[in-house]
Amino acid sequence: MPNVDAAYYLILAAMLFSIGAFGLLVRRNPLVMFMCVELMLNAVNLTFVAFSRDLNDVGGQVNVFFVLVVAAAEVVVGLAIIVAVMRHRPGATADDLSVLRG
Amino acid sequence: MEFVVFVIAAIMVLAGAVGVVASRHPVHSALSLVGTLFSVAVLFVLQEAHLLAAVQVIVYTGAIVVLFLFVIMLLGVDEAEELDIEPIAGQRPIAIGLAAASAVLAIVVFAVTTDGATGARSATAELLPEQVKPNINQIAEVLFTDYVFAFELTALLLTIAVVGAVALSRKAGGDFEPAPESVLAKTQRETAEAEQAILDEVAAKVAAQDAAKQAATNEATEEAADA
Amino acid sequence: MVELVWLIPAFPLLGFLVLLVAGRKLGEPGAGIFATLMMGGSFLSAVAVFVGLVDRNENDRFYELTLFEWIPSGDFSVDVGFLADPLAITMTLFITGIATLIHLYSIGYMHGDANFYKFFLYLILFAFSMLMLVLGNNLLLTFLGWEGVGTCSYLLISFWFTDEANASAGKKAFVTNRVGDFGFMIAMFLAFFTFGSINYGEMLSGAPGMAVGTATAITLLLFVGAAGKSAQFPLYLWLPDAMAGPTPVSALIHAATMVTSGIYLLTRVNPIIAQADGWAPDIIMWVGLFTALFAASIAVAQKDIKKVLAFSTVSQLGFMFVAVGSGVYVAAIFHMITHAFFKALLFLGAGSVIHGMHDEQDMRRYGALYKVMPVTAFTFIIGWLAIAGVPPFAGFWSKDEILLGAYNENKVAWVLLLLAAVMTAFYMSRLVFMTFFGKARWDAEIDGEVPEHEIHPHESPKTMLLPLVVLAGLAAAGGAMNLPFTHSLKRLEIWLEPSLFGNEQHINVAAGTKWGLAIIAIVGALSGVAGAAWIYLKHKAPASLVEKPIMESGWGYDTAVSNFMGGPGRKGFDAAAWFDKTIIDGVVNGAGSVVKGSGTLLAKLQTGYVRSSAVGIAGGAVALVVYFLARTSF
């Protein structure tokens, strides 16, 4: 039996997720916002692994694998977008991209 | 023993996360992110998910964060962000509330409910302890049999991502009109202008007083000269 | 042969459709001849159906032909079908017969009019509507015909609409009819509510079992509709003004057919009237009586020949309602038929006179016309004797039946009705003496004006005289339908029995009293004629003795209604219009502006900031989790 109960990992993941969410909503620099997204994804990965061990199911870890891959692809495309935007407006923050105003 | 390692890794995870969110400089945020990711890898090892720990370090820490740093340096978005002002009204309190709510809810769901959180187990896969079969073998077996379809799709996904990135970052031809002023710059400029206006006013008053004094002095001199 | 009942309205409908498409091409007189032929075909079909009904056994004379289902709507099902029973066929016979004659007459009368074919278009559409009214086997088809005749009446009254007075008269007729139609509609709803169907067969067989209150309500509401259509007080206002239409229209619609539809309706639903409270038929009788007297008094003082005949029609319709109210339905139908004959004759004769006098309608410019228009005068005199109630002409027999019914019901009513009959004889004699006898006053000065041209009155063409002769023959001999001497001679009563379901009032009067009443009636009629001769033929007394201005103006009723509608009535209409515009439209528009306002408010959410959207996503996610958490068990 594992020494550390799965609950601890889950609580830790929850806190990590909330910090990432807070950062996403508050920070304006697009790159820092992206890093907060990475924080949230890592929290999810941690949850998966904890449950995988708790329920004796390897499927959880396979899922983390895929999350990792997709996160990588997402970062690639997201950074390309940021590059494309920042070229036109150097020094822009997330608040400046507000063309879809109602 | 395991518990001590867990506590240390947990502290480092949270410290890194706070560092990401609270750092003024994006490079500092990136370095804090490295710390978090590495600590998460340690936690993976602690849970006997060895392959994932390795992949985490190699892919996440070694590639993605490096990519972040490349972009930061390339674009020069390394100016310190002003964390004090918040253009959108009420954003900070709402954000704090939502984050706290999500944490509390997650903990409640995981820790308290009996049948709300977990889903069904997959039909065949079982996680055997490390001694019986190495973790990497287990994952590989399942990955290339049950999940092979998804595996192939991720390969496709990566290809598409690369193509997309190349397409997005090409330079389009022609000149662009000057970019509109950024919100931050606008706020700063307005503040500066207001200050400048006050300064000008004061200067004008002083100049007027000086002029008056000068005129009075001239008059006195003239009178004295006349007299 | 009874199956041919559908042909009766089919002929006028076909005529209408053909005239609608090709009327202008047919032109004059083709359109008129075609219309007359179509009506003639309808008349022959009516005769065929009549023969078919006669052939049948007495108890089997209710023939219903259903063409198709018109309104299948859940519990409410209305068919298009025809009910050929003695009552309907009787009415159909004289409607189609007189309509054919009037179509023939109109060919001559409307000669030279620019809208010749349109006249026949409307006239034949009217005939179709009237036949649907009479032959329909349910209340809704009757109502369809009811509205159709009202519309055609409007179209035909304002036929020469370029003159605003004619257009107003048409509108007045239509609007006043609508007031009555309101009562009809409510009665229809009540009938459906009570019987679950508005088919006559089901209504009339279910009538003996219905609640007295409902029967009373339906009776009174149908009477309101009938009062509107048959020009009883207080809805008679439109009929005198309707004289603005061409005279054949007045003859057909406002003498013989449309105005009788009210009587037909009440006779049709006689089981319901029998089931109603006793005071409901009493109201019908007294209103009819009052109208008869009222209109007769106005007719005495009228100067326009057509107005006299119009008020006479109102008065005679009052007689018919007295008969319905007294329960002697046979007398009402009998008088309706004879009245159709002689009133149509009188109107057509008046039209002939007007035509001959070059559109002069004021009787003060008539006189000594019998020398110039002998046929017209002769036929007119027969009609005059019929309406005055002089035996052996038709009017005497039918009027006497009504007087008998009134006597059986209420002696006071009988006295008043007798007075109305005397006045009828008086004013009709006045009309005849002023028009055909005495000195020729063709260029008399009226209100300081003299006729512009030389007046050379002449007789009318043959197409106009033929119907006059036919109608005169009918007016003379029509009494033979229902002679009161022995039971077997009361052919109309025997014939109509199946339609009356035994609701015909039994007359409890001794034979000797009947003879006495008849003699009193004859004496009254002759004294009316003598009185008119005294004043207008012998000139022994001035006309102003009887021609009081207040009677001429209709006892001020018309002006009172106009003042009411213009004054307080207008305030009411304005208030209703204000309510509609401000409150009802306001609610509808308000709904729109509320949506618009909330949309503008909600648009403020669209700031365009990415982080605001992120807040939205996060908030939504939290809400979802809370929702599912609330549903799980702990």
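Digging into the overall build of chain B
At step 1: What chain B contains, in helices and strands, is 7 helices and 0 strands.
At step 2: Helices (α) and strands (β) of chain B occur, in sequence order from the N terminus, as α-α-α-α-α-α-α.
At step 3: Here chain B, with 227 residues, has 29% of them falling under the buried criterion.
At step 4: Pairs at least 24 residues apart make up 53% of the contacts formed inside chain B by residues separated by at least 6 positions.
At step 5: When the accessible area of chain B is evaluated, it comes to approximately 13,900 Å², of which 67% is carbon and sulfur surface.

Digging into the interface of chain B and chain A
Where interface size is given, it is often the accessible area lost as the parts come together that is meant.
At step 1: Counting from both sides, the interface comprises 85 residues of chain B and, opposite them, 69 residues of chain A.
At step 2: When chain B packs against chain A, the two sides together hide about 7,300 Å² of surface, and 76% of this comes from carbon and sulfur.
At step 3: For the chain B face of the interface with chain A, the top three residues by lost area are Q47, F68 and L127 of chain B, together amounting to 10%.
At step 4: Along the contact surface separating chain B from chain A lie 1 salt bridge.
At step 5: The salt bridge involving R53 of chain A is made with E2 of chain B; its shortest N-O contact spans 3.6 Å.
At step 6: Connecting chain B to chain A are 8 residue pairs in polar contact (both at pLDDT 80 or more).
At step 7: Looking at the side of chain B that touches chain A, the elements that each hand over two or more residues are α1 (2-22), α2 (26-46), α3 (50-75), α4 (91-112), α5 (135-145), α6 (148-168) and α7 (183-226) of chain B.
At step 8: In terms of residue class, the side of chain B that touches chain A is built from 60 nonpolar, 14 polar and 11 charged.

Focus on the packing of helix α10 (residues 261-268) of chain C against helix α13 (residues 305-326) of chain C
Residue and element names in this part refer to chain C.
At step 1: Remark: α10 packs on α13, axes separated minimally by 10 Å, with the N-to-C direction vectors making an angle of 5 degrees. Taken together, the axis directions place α10 and α13 in an arrangement best described as roughly parallel. Note on element contacts: α13 touches α10 through L317, M320, F321 and V324, opposite I263, L266 and T267.
At step 2: When grouped by side-chain class, the residues that make up the contact of α10 with α13 number 6 nonpolar, 1 polar and no charged.

Re the pattern of salt bridges
Residues and elements named next belong to chain C.
At step 1: Within the structure shown, the criterion is met by 7 salt bridges over all chains.
At step 2: Across the pair D85 and R268 runs a salt bridge whose closest N-O atoms are separated by 2.8 Å. With D85 in the loop between β2 (76-84) and α2 (86-109) and R268 in helix α10, this residue pair connects regions lying 183 residues apart in the sequence. Each member of the pair D85 and R268 is classed as buried.
At step 3: Note that D181 and R178 form a salt bridge whose closest N and O atoms lie 3.2 Å from each other. Of the two residues, D181 and R178 both sit in helix α5 (residues 164-195), 3 residues apart, roughly one turn of that helix.
At step 4: Note on D181: relative accessible area 2%, which makes it buried.
At step 5: Its relative accessible area of 36% is what places R178 among the partly exposed residues.
At step 6: Each of E147, R178 and D181 takes part in salt bridges that share partners, so that together they form one network.

Quick word on the environment of M1 of chain C
Residues and elements named next belong to chain C.
At step 1: With respect to the helices, strands and loops of the structure, M1 is situated in the segment before α1 (7-55).
At step 2: Linking M1 and G52, residues 51 residues apart in sequence, is a C-alpha distance of 4.8 Å.
At step 3: With residues up to four places along the chain from it excluded, the contact list for M1 reads A48, V49, V51 and G52.

Considering the nonpolar core
All names here are of chain C.
At step 1: V5, I98, L139, Y236, L266 and I272 are the most contacted members of the largest nonpolar core, which totals 211 residues.
At step 2: The element contributing the most residues to this core is helix α14 (residues 329-356), with 19 residues.
At step 3: Ignoring sequence-local partners within four residues, the contact set of I98 consists of L252, A256, A340, F341, A344 and L471.

How each quantity is defined
Residues numbered from 1 in each chain as written. Chains lettered and ligands numbered in written order. Predicted model: local features only at pLDDT ≥ 70, side-chain atom pairs only at ≥ 80, totals over all residues. Heavy atoms only, no water. Helix = DSSP H or I, 4+ residues; strand = E, 2+ residues; numbered from the N terminus. Buried < 20%, exposed > 50% of the residue type's maximum accessible area, 1.4 Å probe, protein only. Contact = heavy atoms within 4.5 Å. Areas by Shrake-Rupley, 256 points an atom, 1.4 Å probe, with all protein chains shown as cover. Buried area = accessible area lost by both parts, 1.4 Å probe. Salt bridge = Lys/Arg side-chain N within 4 Å of Asp/Glu carboxyl O. Polar contact = N/O pair within 3.5 Å; in protein donor to acceptor, adjacent residues only side chain to side chain. Nonpolar A, V, L, I, M, F, W, Y, C, P; charged D, E, K, R; others polar. Axes fitted to C-alpha atoms, helices over the stretch in contact; angles between N-to-C directions. Parallel < 35°, antiparallel > 145°, perpendicular 65-115°, else oblique. Core = buried A, V, L, I, M, F, W, Y, C linked by side-chain atoms within 4.5 Å.

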